[in-house]
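Single-letter residue listing:
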Amino acid sequence: EESEVGSASLVELVQSAKNSKDCTIFGPLSELDIGLTGLTSEIAQPRFPLTRHELNAWYAYDWANSVYSSTAIALFFPLLLVNLAENYAWEQEYKDQEQPKYCDALDSDEVRQDCLYCEAGEGTQIEDGPVYKGNMPNVRLPGGLDPVSFASTMASISVLSQAITFMSLGAYADYGSYRKRFLIACTVIGSIATSFSIVLYKPSLYWLGGILVIVSNTAYGASIVFYNSYLPLLVESTPEVYATKTNHSQEEWLRIRDETENRYSAFGFMYGYASGVLLTVFCLILFFITGMEQRLFYRVALLLTGIWWMVFALYTFAGLQAFVMPE
């Protein structure tokens, strides 16, 4: 359903844009960006009408990057960081001892002795023999940080980094071709940082895991800003919305525009939610089928998340226009 504006209509729309300086649908483009001949670079390529291909490309990014929020930062990154930090802290405190297993992780033929368990209201405990139960040794990371708190601390720092990034780069979503450029950059940085978790094979690399969480979560948050900045432009370029703007009252135009925006947003969220569930279920099935060691499983799941993010985003980059705006 990729309809085109006739040549006469195109001239009229361009002239109208030049007179009205309506930058919601029009903006100055270079010949490289507009891909048209016969139009001066001072006049924007009309973004009307929106094509189904371009709308699907926008939806595809929600499908691509939502796996990060549901699979990486909400599940496997915290599990991996706690695993690395706890083991490293134990190694530093008790170099000649191995960290006890959790009692429920012991095989049925193993003696339930010197194992860890969680007791309501008291936290992690260590069971030493059939009678004595004492507190788990108080191991700490360098600087006195609780290993269990390491993941949440890194997530908190990443949120602060997001806020600084939003304030620094958010305005670029409305200038030049930065919207698409920064969307691509954030995707590349975020997906690589997520996939790079595959190298976290030993506890002493827990600090690198923290850095990867900060970098990837900051890039993810910034990518959402540039992704969402497309929504009002896509809505304005929808034929129904544009026709209502020119032929009906402002109240009717606002109603149609809001309904269209809500519909696009809901479909994007739906695709993102579906992709997150799909990848999480796939990772869990992979774990139960292969029986791989937990830390390796976390790393593989994060690798798959980063690859998923990058691969499906390629469709977005190919199908979504830059929507260049005046600088």
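Residues numbered from 1 in each chain as written. Predicted model: local features only at pLDDT ≥ 70, side-chain atom pairs only at ≥ 80, totals over all residues. Heavy atoms only, no water.

Turning to the overall build of the protein, a few remarks are in order. Helix and strand counts for the protein stand at ten helices and three strands. Secondary structure elements of the protein, listed N to C terminal, follow the sequence α-α-α-β-β-β-α-α-α-α-α-α-α. Out of the 327 residues belonging to the protein, those deemed buried represent 44%. For the protein, the computed accessible surface area is about 17000 Å², with 59% contributed by carbon and sulfur atoms. (Helix = DSSP H or I, 4+ residues; strand = E, 2+ residues; numbered from the N terminus. Buried < 20%, exposed > 50% of the residue type's maximum accessible area, 1.4 Å probe, protein only. Areas by Shrake-Rupley, 256 points an atom, 1.4 Å probe, with all protein chains shown as cover.)

On to the confidence of the model for the protein. Looking at the protein as a whole, its pLDDT mean stands at 79, while 71% of the residues score no less than 70. Confidence drops under pLDDT 50 across residues 1–46; counting only partners more than four residues distant or on other chains, this segment forms 59 contacts. (pLDDT = per-residue confidence, 0-100. Contact = heavy atoms within 4.5 Å.)

Every buried residue belonging to helix α8 (residues 239–247) is among Val-241, Tyr-242 and Thr-244, and all of these are buried. For α8, the angular spread of buried residues about the axis comes to 160°, placing them on one side. (Arc of directions from axis to C-beta.)

Another aspect to go through is the side chain of Lys-180. Structurally, Lys-180 is set in helix α5 (residues 178–195). In this structure the side chain of Lys-180 is engaged in a polar contact, spanning 2.8 Å, whose partner is the backbone oxygen of Phe-317. (Polar contact = N/O pair within 3.5 Å; in protein donor to acceptor, adjacent residues only side chain to side chain.)

Attention now goes to a nonpolar patch on the surface. Residues Phe-269, Tyr-273, Val-277, Val-281, Ile-285 and Ile-289 make up a contiguous nonpolar surface patch of roughly 650 Å² in combined accessible area. Along the chain, Val-281 falls in helix α9 (residues 250–290). On the accessibility criterion, Val-281 (42% relative accessible area) is partly exposed. (Patch = residues over 30% accessible without salt bridge, like charges linked within 9 Å, V, L, I, M, F, W, Y side chains within 5 Å. Salt bridge = Lys/Arg side-chain N within 4 Å of Asp/Glu carboxyl O.)

The next subject is the environment of Thr-71. Examined against the element boundaries, Thr-71 turns out to sit in helix α3 (residues 52–93). For the pair Thr-71 and Val-277, spaced 206 residues apart in sequence, the C-alpha separation works out to 8.2 Å. If we skip the residues at most four places from it in the chain, Thr-71 touches Phe-76, Gly-276, Leu-279, Thr-280 and Thr-305. Of the polar contacts made by the side chain of Thr-71, one reaches the side chain of Thr-280; its length is 3.0 Å.

Turning next to the nonpolar core. Within the largest apolar cluster, 61 residues are counted, with the highest numbers of intra-cluster contacts made by Trp-58, Phe-77 and Tyr-264. Those elements giving two or more residues to this core turn out to be α3, α4 (147–169), α5, α6 (206–228), α7 (231–236), α9 and α10 (294–319). Counting residues per element, this core draws most heavily on α3, at 18 residues. If near-sequence neighbours (up to four positions away) are discounted, Phe-77 is found in contact with Tyr-68, Ala-72, Thr-194, Ser-197, Leu-212, Val-213, Ser-216 and Leu-302. (Core = buried A, V, L, I, M, F, W, Y, C linked by side-chain atoms within 4.5 Å.)

So, on to the side chain of Asn-217. Checked against the element boundaries, Asn-217 lands in helix α6. Here Asn-217 falls in the buried class, since its relative accessible area comes to 7%. A polar side-chain atom of Asn-217 sits 2.8 Å from a polar atom in the side chain of Ser-158. Excluding residues that lie within four positions of it along the chain, Asn-217 makes contacts with Tyr-68, Ile-73, Ser-158 and Gln-162.

Next up on the list: the packing of aromatic side chains. Counting across every chain of the model gives 25 aromatic pairs. A centroid spacing of 5.2 Å and a plane angle of 10° characterise the contact between Phe-182 and Phe-226, whose relative ring orientation is stacked. A residue pair is termed long-range when its members are at least 10 positions apart, and Phe-182 in helix α5 and Phe-226 in helix α6 qualify at 44 residues. Following the ring pairs from residue to residue traces out a cluster consisting of Trp-58, Tyr-59, Tyr-61, Tyr-227, Phe-267 and Tyr-271. Across the ring face of Tyr-230, the terminal group of Arg-179 is positioned such that the distance to the ring centre comes to 5.4 Å. (Phe/Tyr/Trp six-rings, centres within 6.5 Å; stacked < 30°, edge-to-face > 60°. Lys NZ or Arg CZ within 6 Å of the ring centre and 35° of its normal.)

Throughout the structure, instances matching the rule amount to four salt bridges. A salt bridge links Arg-257 to Glu-236; its shortest N-O distance comes to 4.0 Å. Here Glu-236 lies in helix α7 and Arg-257 lies in helix α9, a separation of 21 residues in the sequence. For Arg-257, a relative accessible area of 24% puts it in the partly exposed group. Residues Arg-255 and Glu-252 are paired through a salt bridge, measuring 2.6 Å at the closest nitrogen-oxygen approach. Residue Arg-255 and its partner Glu-252 are located together in helix α9, separated by three residues, close to a single helical turn.

Here we come to α6. Here α6 contains 23 residues, and its C-alpha end-to-end distance of 33 Å stays within 8% of the 33 Å for a straight helix at 1.5 Å per residue. Among the 23 residues in α6, 17 count as buried, and that is most of the element. (Expected span 1.5 Å × (residues − 1).)

Bringing the packing of α8 against α9 into the picture now. One way to put it is that α8 packs onto α9 with a least axis distance of 8 Å and a crossing angle of 170°. It follows that α8 is roughly antiparallel to α9 by the angle criterion. You can see that α8 and α9 cross each other, and the crossing is left-handed. Packed against α8, whose contacting residues are Glu-240, Val-241, Thr-244 and Lys-245, the element α9 presents Glu-252, Trp-253, Ile-256, Arg-257 and Thr-260 at the interface. (Axes fitted to C-alpha atoms, helices over the stretch in contact; angles between N-to-C directions. Parallel < 35°, antiparallel > 145°, perpendicular 65-115°, else oblique. Left-handed = near helix turned anticlockwise from the far one by under 90°.)

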